[in-house]
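Below, each chain spelled out in residue letters.
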Amino acid sequence: MQKLEDINEVISYLRDGDIVTSNGKDQFIMKNERVYRYCDGTHFGLDLKEFIELYRKNRFYLYEESVEIDETKDEAYYRYYRK
């Protein structure tokens with residue numbers, strides 16, 4: 001994950017439609033100048049001023065969704081057995 005330098009860079013990415021995270025599990029997105037945080041099935045929204053006030057000292061990273069495929073499980077699943 002790419003580390004973001006400061007809160008201004010975080011806001012810039014959010015305005016561009018990107019997703020940022022503080023710990024790899026939560027997600028922050030921006031809609032209509034409000035920042036929404038999604039984590040463990042819950043979410044809440046903050047206006048931009050509240051977000052900056054609460055999170056300006058946090059470290060943020062650009063969220064990257066990765067899909068990992070376990071080849072051994074895939075092979076076992078699709079293996080053809082003759083009886």
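In what follows, the structure referred to is the one given above.
What counts and what doesn't
Residues numbered from 1 in each chain as written. Predicted model: local features only at pLDDT ≥ 70, side-chain atom pairs only at ≥ 80, totals over all residues. Heavy atoms only, no water. Helix = DSSP H or I, 4+ residues; strand = E, 2+ residues; numbered from the N terminus. Buried < 20%, exposed > 50% of the residue type's maximum accessible area, 1.4 Å probe, protein only. Contact = heavy atoms within 4.5 Å. Areas by Shrake-Rupley, 256 points an atom, 1.4 Å probe, with all protein chains shown as cover. Salt bridge = Lys/Arg side-chain N within 4 Å of Asp/Glu carboxyl O. Phe/Tyr/Trp six-rings, centres within 6.5 Å; stacked < 30°, edge-to-face > 60°. Axes fitted to C-alpha atoms, helices over the stretch in contact; angles between N-to-C directions. Parallel < 35°, antiparallel > 145°, perpendicular 65-115°, else oblique. Left-handed = near helix turned anticlockwise from the far one by under 90°. Nonpolar A, V, L, I, M, F, W, Y, C, P; charged D, E, K, R; others polar.

### Topic: the overall build of the chain
Moving on, step 1. When its secondary structure is counted, the chain shows three helices and six strands.
Moving on, step 2. Listed N to C, the secondary structure of the chain is β-α-β-β-β-β-α-β-α in terms of helices and strands.
Moving on, step 3. Per-residue burial over the chain gives 24% buried out of 83 residues.
Moving on, step 4. By sequence separation, contacts in the chain at least 24 residues apart represent 43% of the contacts at least 6 residues apart.
Moving on, step 5. Looking at the chain as shown, the accessible area adds up to about 6,800 Å², and 45% of this sits on carbon and sulfur atoms.

### Some points on the pattern of salt bridges
Moving on, step 1. Summed over the entire model, instances satisfying the criterion amount to two salt bridges.
Moving on, step 2. The salt bridge partner of E33 is R15, with a shortest N-O separation of 3.1 Å. Taken together, the positions of E33 in the loop between β3 (27-31) and β4 (34-39) and R15 in helix α1 (residues 7-15) put the pair 18 residues apart, joining distant regions of the chain.
Moving on, step 3. A salt bridge links D26 to R37; its shortest N-O distance comes to 3.2 Å. In this pair, D26 sits in the loop between β2 (20-21) and β3 while R37 sits in strand β4, placing the two residues 11 residues apart along the sequence.

### Some remarks on the packing of aromatic side chains
Moving on, step 1. Tallying each qualifying case throughout the model produces six aromatic pairs.
Moving on, step 2. A ring pair is formed by Y55 and F60, whose centres lie 6.2 Å apart and whose planes are at 65°; its orientation type is edge-to-face.
Moving on, step 3. Ring pairing ties together the aromatic residues F28, F51, Y55 and F60, which thus form one cluster.

### What to know about the packing of α1 against helix α2 (residues 48-55)
Moving on, step 1. Remark: α1 packs on α2, axes separated minimally by 11 Å, with the N-to-C direction vectors making an angle of 140°. Put simply, α1 runs oblique to α2. Of the two elements, α1 crosses α2, and the hand of that crossing is right-handed. Taken together, the residues of α2 that come into contact with α1 (itself represented by I7, V10, I11, L14 and R15) are L48, F51, I52 and Y55.
Moving on, step 2. Here the contact of α1 with α2 is composed, by residue class, of eight nonpolar, no polar and one charged.

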